[in-house]
Amino acid sequence: QVQLVESGGGLVQPGGSLRLSCAASGSIFNFYSMSWYRQAPGKQRDLVAIISRSGSTDYADFVKGRFTISRDNAENTVNLQMTSLKPEDTAVYYCSARRFPATYYWGQGTQVTVSS
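Procedures and definitions
Residues numbered from 1 in each chain as written. Predicted model: local features only at pLDDT ≥ 70, side-chain atom pairs only at ≥ 80, totals over all residues. Heavy atoms only, no water. Helix = DSSP H or I, 4+ residues; strand = E, 2+ residues; numbered from the N terminus. Rg over C-alpha atoms; globule rule 2.2 N^0.38 Å. Buried < 20%, exposed > 50% of the residue type's maximum accessible area, 1.4 Å probe, protein only. Areas by Shrake-Rupley, 256 points an atom, 1.4 Å probe, with all protein chains shown as cover. Lys, Arg positive; Asp, Glu negative; His and termini not counted. Charge placed at Lys NZ, Arg CZ, Asp CG, Glu CD. Contact = heavy atoms within 4.5 Å. Pairing = 2+ DSSP bridges. Axes fitted to C-alpha atoms, helices over the stretch in contact; angles between N-to-C directions.

Caption draft 1: The arrangement of the overall build of the protein in detail. Looking only at helices and strands, one finds zero helices and 11 strands in the protein. Listed N to C, the secondary structure of the protein is β-β-β-β-β-β-β-β-β-β-β in terms of helices and strands. Whereas a compact globule of 116 residues would reach a radius of gyration of roughly 13 Å, the protein reaches 13 Å, a difference of no more than 12%. Projected onto its principal axes, the C-alpha positions of the protein cover 40 × 25 × 25 Å. Counting every position in the protein, which comprises 116 residues, the buried fraction comes to 41%. Accessible surface computed for the protein: about 6,100 Å², of which carbon and sulfur atoms make up 48%. Put simply, the protein has 11 plus and 8 minus side-chain charges, and the middle of one group is 4 Å from the middle of the other.

Caption draft 2: Representation of the side chain of Thr77. Considering the arrangement of structural elements, one finds Thr77 in strand 8 (residues 77-82). With residues near it in sequence (within four places) discarded, Thr77 still touches Cys22, Ala23, Ile28, Ser70, Arg71 and Asp72.

Caption draft 3: Representation of the side chain of Ser35. Among the structural elements, Ser35 can be located in strand 4 (residues 33-39). Note on Ser35: relative accessible area 5%, which makes it buried. Among residues more than four places away in sequence, those in contact with Ser35 are Leu47, Ala49, Ile50, Ile69, Tyr94, Cys95 and Ser96.

Caption draft 4: Summary view of the sheet that holds strand 1 (residues 4-7). Strand order in the open sheet formed by four strands is 1-3-8-7, with antiparallel pairing between adjacent strands. Each having just a single partner strand, strand 1 and strand 7 (67-72) make up the two edges of the open sheet. Each strand axis lies, on average, 15 degrees off the axis of its neighbour in the sheet, ignoring direction. Strand direction decides the pairing type here: strand 1 and strand 3 (residues 18-24), joined by four bridges, are antiparallel. Following the sheet pairing, Val5 is matched in strand 3 by Ala23.

And the structure:
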């Protein structure tokens, strides 16, 4: 049973920063890729950032240049460093792991609120 546990969410002012972490119950090296998604109230869940087993990354246009995804294979964690946060970044952020070819695991989510 794969468990993903997110942490690091909270309330931050516009322009501020937050660092989200996702701790996996097993070795993240076993996963084809790991990702962060987000879902705002009344909206669909969107992909924010993805990191492959090899370490290559990709980002949604709306976070490019502001967010950075990274992985620590020794600690079995995936992190999302978020800077220059905007009110429209407010959402529940979910960690996801993909096992090849198409089995996905999800965390319970962590709330990020950007407001003054």
